[in-house]
Structure formats: C-alpha cells, structure tokens
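Survey of secondary and tertiary structure
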Amino acid sequence: GAVALARAWYRLPYCWAGMAIERSERSIVYRSRRRWPRSVAATSMIEVEPGDRIAPADVSDLDHFLTARWGLWTKLRSRLAYAAVDHAPWPLFHAETGDAETGLVVAAGLPEPSTDPHVRFSPGVDVRIGRPERMP
C-alpha cells in the first residue's frame, strides 16, 4: 500500500512495519516494529495522553511548522522533483507522554533523545499528494 507507493513513486525511504494502537480512557499507546529492511532492529513505543484542544488562533509557529506540509520534495533520477500536498489544518491538542521506547530514532542514525519531547496530538486529517513533477 502506502509504503510501496511512497518508495516507488516518490522515492522516499519508507520502511515496512507492523503497528498497533491501544486506546484506554486516558491514553493511546502506539507500538511499531520495523519488518523491512531488517538491517537494524527497530522498534518503538510511545504512550500519549491527549489534553485540551488548541484553538486554531493559538497554534504556535513551531506547531504550524511541524504540521503544515504543503509540498513534498524528492529526486527522480538525477533531477529534483516536487509534488503538491493538500490537507486541512491539523486539529491539534496539548498532550503529555508516558512511557516511551525510542529504538526507531536510533535505527535512523539519530542520537538518543536527551530532552523532553515537544508533544501534540491530532486525530488526523485526510491528505492528498499530487504527482511528482521534475523541476527545470
């Protein structure tokens, strides 16, 4: 599905993973285990406790920067390409994290997080991504 399309059409380095979501009255636990490529064992788990909704007028510049993606850049053969991304603004909620396991961060070649995360929650939005067009 989506991983195959992202890898083939947009040339994104997406990986296949098994994922599970467990919901309770107060929190949501996300678990992921990379299935391919298996060059590095990669698992993650994070517990998120959603809080109050952030009014659209109160969304910070950082929150907007992290969630408002209107384009996707990639490389097709040896040329830069761009695909338009269309979605409504993400409904954002304050959130706290509980337990977390950051194996995917380390597997991506990044250092183990050393500060508290910037946490937001959203129930999601529908996203449409256009066809990649090579840049002149």
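Predicted model only: the values in this text are computed from it and were never measured.

**Thoughts on the overall build of the protein**
- Looking only at helices and strands, one finds three helices and nine strands in the protein.
- The order of α-helices and β-strands along the protein, N terminus first, is α-β-β-β-α-β-β-β-α-β-β-β.
- By principal-axis analysis of the C-alpha atoms, the protein measures approximately 50 × 40 × 30 Å.
- For the protein, with 136 residues in total, the buried portion stands at 25%.

**Observations concerning a nonpolar patch on the surface**
- Where nonpolar side chains cluster on the molecular surface, the patch consists of Leu 62, Phe 65 and Leu 66 and spans about 300 Å² of accessible area.
- In this fold, Phe 65 is placed in helix H2 (residues 61–67).
- Looking at Phe 65, the relative accessible area reads 52%, which means it is exposed.

**Structural notes on the layout of surface pockets**
- Of the volumes computed, that of the largest pocket is approximately 1400 Å³.
- In terms of lining, the largest pocket is formed by 34 residues, of which the most central are Tyr 30, Ser 44, Ile 46, Val 48 and Arg 120.
- For the lining of the largest pocket, the elements supplying multiple residues, two or more each, are strand S1 (16–23), strand S2 (28–36), strand S3 (43–53), H2, strand S6 (93–102), helix H3 (103–107) and strand S7 (120–121).
- The dominant element in the lining of the largest pocket, judged by the number of residues it contributes, is S6, at five residues.
- For the lining of the largest pocket, a count of residues per class yields 18 nonpolar, nine polar and seven charged.

**Section: the pairing of S3**
- In this sheet, S3 lies alongside S2 in antiparallel orientation, the contact comprising six bridges. Each bridged residue has a counterpart across the sheet, and for Ile 28 the counterpart in S3 is Val 48.
- In terms of strand pairing, S3 meets S6 through seven bridges, oriented antiparallel. Bridge assignment links Ile 46 to a residue of S6, and that residue is Ala 100.

**Details of the packing of aromatic side chains**
- Counting across every chain of the model gives three aromatic pairs.
- Ring plane angle 55° and centroid distance 4.7 Å describe the contact between Trp 73 and Tyr 82, whose orientation is recorded as tilted.
- Taking relative accessible area as the criterion, Trp 73 reaches 48% and is therefore assigned partly exposed.
- A relative accessible area of 27% means that Tyr 82 is categorised as partly exposed.
- If you follow Arg 69 out to its NZ or CZ, it ends over the ring of Phe 65, 4.7 Å from the centre.

**Some details on the pattern of salt bridges**
- Here the structure, examined in full by the defined rule, presents four salt bridges.
- Across the pair Arg 31 and Glu 22 runs a salt bridge, and its minimum N-O distance is 2.9 Å.
- A salt bridge links Asp 86 to Arg 128, with the nearest nitrogen and oxygen atoms 2.2 Å apart. Separated by 42 residues along the polypeptide, Asp 86 in strand S5 (residues 79–87) and Arg 128 in strand S8 (residues 127–129) bring together distant segments of the chain.

**A closer look at the environment of Ala 55**
- Turning to its location among the elements, Ala 55 is positioned in the loop between S3 and H2.
- Judged by relative accessible area, which is 36%, Ala 55 ranks as partly exposed.
- Counting along the chain gives 36 residues from Ala 55 to Pro 91, while the straight-line C-alpha distance between them is 8.4 Å.

Conventions we followed
Residues numbered from 1 in each chain as written. Predicted model: local features only at pLDDT ≥ 70, side-chain atom pairs only at ≥ 80, totals over all residues. Heavy atoms only, no water. Helix = DSSP H or I, 4+ residues; strand = E, 2+ residues; numbered from the N terminus. Buried < 20%, exposed > 50% of the residue type's maximum accessible area, 1.4 Å probe, protein only. Patch = residues over 30% accessible without salt bridge, like charges linked within 9 Å, V, L, I, M, F, W, Y side chains within 5 Å. Areas by Shrake-Rupley, 256 points an atom, 1.4 Å probe, with all protein chains shown as cover. Salt bridge = Lys/Arg side-chain N within 4 Å of Asp/Glu carboxyl O. 1 Å grid on protein atoms, 1.4 Å probe; cavity = no way out; pocket = protein on both sides within 12 Å on 5 of 7 lines; lining within 4 Å. Points joined across faces, edges and corners; volume = space filled by probe spheres on them. Nonpolar A, V, L, I, M, F, W, Y, C, P; charged D, E, K, R; others polar. Pairing = 2+ DSSP bridges. Phe/Tyr/Trp six-rings, centres within 6.5 Å; stacked < 30°, edge-to-face > 60°. Lys NZ or Arg CZ within 6 Å of the ring centre and 35° of its normal.

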